[in-house]
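Tertiary structure, described
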Amino acid sequence: MADVVQYRLERMVEELDDLERRGLFTRREISEIVKQRRKFEYRLKRPSPLKQDYLAYIEYETQLDSLRRLRKKSAVARELENNEKGLKNRKKRKMSVSDFSGIARILEIYRLVVMRFKGDIDLWFKYLEFCRHRKNGKMKKVLAQVIRFHPKVPGVWIYAAAWEFDHNLNVTAARALMQNGLRVCPTSEDLWIEYLRMELTYLNKLKARKVALGEDKGTLARDFRDADEKQWIKENKDLFMPIDGEMGNIDGTNVENIDSEKKLDLFREQGLRVLRTIYSGAVEALPSSLSLRQRFFEILDATNLAQSEDMRKEILSDMKRDFSADPKYWDWLARLEMTDSVSKLEKSEDIISSQMQKAVQVYEEALKNVPSSMMFDQYTKFLMDILASSGEEAKVYIFHFTCNWGDWTKPCKLAVKLCSGKLSESVQLWLLRVSIEVRCATRNASSPSKADILSIFELLRSILTKVSVSEAESLWFMALKFFINKKSYFEKLVEISLISVAKDGGGEYGFSLPSAIINIVLQKEGIQQAREMLKRFLALPRPGLVLYQNCIELELNLASTGDKDSFVNARKLFESALATYDQNTGLWRDYYSMETKLGTSETASAVYWRARKTLKDSAAFTTLPNPHNIFSQTVG
């Protein structure tokens, strides 16, 4: 092994001499380079070298080559400043061995690592990206290798075709790669979609070339200006200045060439044929993929093709035939009705209402075809999204689908009907129902009546006692917000929360109901009452890690202001949390960090060694310095 390493190092002598001769590195720096390379070479010659060994070597050589290029550029700049003939000398200067040996070495290391770890596709892509970035002429060879080893990976075919299409401008080769990829991976959605994008992009480039030559106009990209905007432009065409004396319109029409617009647009026709052909092949290969049809539809909508409306209807018809039993299809179809009105939210409430009515009709039809809990959830989520983003009239419309504006009896009855029977535990439906009840209660007055408050509380109680805390997160937020200033009801909610947390736990990550309640108490009644509320939750079997963390953070913030009681409380909270979560490394690290900042060397050391002894996997904790060493250095 030593002989092989020595041989490889000796082959670097010419390169290193060149670096010293050109003044890019000093002899001391070259000695350090030799030392580092010897270390890396020995690692690679071990019986079982690690992937990280190769990557570390590549990273070192990459940084070294970057430094060489930077110093070379600086040397040339100095030469130009000091020598008037420097520019002439620069033109005559030839590339030396050190200019390309670094890249060659990196390529060789990449070749070794991908041959050793042939199945690691990420390594292959790093290799490809390096070749593409450095433009060293190895790209085709590496692409052939990765295709040979990973023919079943769609991304490989897409990458190769994109390189041929964008870099080599070889459409024929790119098309052949895509078609070969589809033969090997016929069930890849990405391959079908990218193949279509490539073909349409090619047609668009051809059309753009025609436009540049003055033989055509427009592109295959769809004009997204709405009808109102186009009508305004048409009515105010006098405001726009003609170009080159040509009597034209902003919307793309030309008064003098009306007849020419009636001619057949070969590119738009060809684009439609391409889309139809690829669409047929994709549907045949993936007949049960809803997302594939959706992606084809999106591309069609974004492209200005001939007879695109007929193709649009065909795709929608096929989707309804094949996916009428899928709630996701109906949800997508309903939301499709709203896409055209997104840009008009501030222009016309009538348009919004019309689009919303169509969407609601789609959902109503869906409920007849797919009367499932999932379909109801999709429906209510749509309504809640509209409720959060639309204007007042649109919000009102959500709550009465079939009657006059402002009539709240039917939506209330509908909400009651939906929340009964099989769907009684659907949180989304209950969220919609409570929203309706709250809106009904406050429609005529800023403050609801006592009867309305009691009714809303009983509604919330009925569902909050049925579902887990994690599932009812949005309902809990609504309940706490609504009853935050109603003390008696807030106390009742706290009692319900204690039962729920005792049953389901307070949660180790994400939403923490006890934390939410304690924060409200802290803001309204102060730290002492918040601590009393904390004691009630800590008395439960599993109050949750999030609660401990939030309360510790609160106490530490107070401790930083000089409150000694807060530091003591924080220490108690850490001890209480570790009694349940003693294998949580982050908790131990936070405890140790607190003691090093606010405690003494003895308390920090005690936490340090307890953590090392308690944790089954103490590797992460060993990165922390020994507190005895820290304080001894400080004293010294």
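Note that the coordinates shown come from a computational prediction; the quantities given were computed from them, not determined experimentally.

**Looking at the nonpolar core**
Of all hydrophobic cores here, the largest spans 167 residues; its most connected members are L464, L475, F483, I517 and F537. Considering each element in turn, this core owes the most residues, ten residues, to helix α22 (residues 427-441). Among residues more than four places away in sequence, those in contact with I517 are L480, F490, V494, S497, M533 and F537.

**Thoughts on helix α16 (residues 308-323)**
With 16 residues, α16 extends 22 Å between its outermost C-alpha atoms, agreeing within 8% with the 22 Å of an ideal straight helix rising 1.5 Å per residue. The set of residues buried in α16 consists of S308, M311, I315, L316, D318, M319 and F323. Seen from one end, α16 has its buried residues packed into an arc of 160°, which puts them on one side. In α16, the exposed residues that point more than 90 degrees away from the buried face are K313 and R321. Where α16 is buried, its residues touch α14 (266-285), α15 (290-301) and α17 (327-339).

**Quick word on the confidence of the model for the chain**
Residues at a pLDDT of 70 or more form 77% of the chain, whose mean pLDDT is 79. Mean pLDDT values for the elements of the chain range from 39 in helix α32 (residues 627-635) up to 95 in helix α10 (residues 171-184). Segment residues 239-264 is flagged for pLDDT under 50; beyond a separation of four residues in sequence, or across chains, it makes 22 contacts in the model.

**A short note on the packing of helix α29 (residues 564-580) against helix α30 (residues 585-598)**
For the pair α29 and α30, the least separation of the axes is 11 Å and the interaxial angle reads 155°. Relative to α30, α29 is oriented roughly antiparallel. In terms of crossing hand, the pair formed by α29 and α30 is left-handed. Here F567, A570, R571, F574, E575, A577 and L578 of α29 come into contact with α30, specifically with L587, W588, D590, Y591, M594, E595 and L598. Classifying every residue of the contact of α29 with α30 by side-chain character gives ten nonpolar, no polar and four charged.

**Digging into the side chain of Q145**
Topologically, Q145 is positioned in helix α8 (residues 139-149). Excluding residues within four positions of it along the chain, Q145 makes contact with M115 and W124.

**Points about the packing of helix α26 (residues 513-525) against helix α27 (residues 527-538)**
Viewed as axis vectors pointing N to C, α26 and α27 meet at an angle of 155°, and their least axial separation amounts to 7 Å. One finds that α26 runs roughly antiparallel with respect to α27. Where α26 crosses over α27, the two elements pack in a sense that is right-handed. From α26, P514, I517, I518, V521, L522 and E525 reach across to α27, where they touch I527, Q529, A530, M533, L534 and F537. Of the residues that constitute the contact of α26 with α27, the class distribution is ten nonpolar, one polar and one charged.

**Some thoughts on the side chain of D331**
Mapped onto the secondary structure, D331 falls in helix α17. Side-chain polar atoms of D331 contact the side chain of Y363, separated by 2.4 Å. Not counting the four nearest positions on each side in its chain, D331 is found in contact with Y363, M375 and Q378.

Procedures and definitions
- Residues numbered from 1 in each chain as written.
- Predicted model: local features only at pLDDT ≥ 70, side-chain atom pairs only at ≥ 80, totals over all residues.
- Heavy atoms only, no water.
- Core = buried A, V, L, I, M, F, W, Y, C linked by side-chain atoms within 4.5 Å.
- Buried < 20%, exposed > 50% of the residue type's maximum accessible area, 1.4 Å probe, protein only.
- Helix = DSSP H or I, 4+ residues; strand = E, 2+ residues; numbered from the N terminus.
- Contact = heavy atoms within 4.5 Å.
- Expected span 1.5 Å × (residues − 1).
- Arc of directions from axis to C-beta.
- pLDDT = per-residue confidence, 0-100.
- Axes fitted to C-alpha atoms, helices over the stretch in contact; angles between N-to-C directions.
- Parallel < 35°, antiparallel > 145°, perpendicular 65-115°, else oblique.
- Left-handed = near helix turned anticlockwise from the far one by under 90°.
- Nonpolar A, V, L, I, M, F, W, Y, C, P; charged D, E, K, R; others polar.
- Polar contact = N/O pair within 3.5 Å; in protein donor to acceptor, adjacent residues only side chain to side chain.

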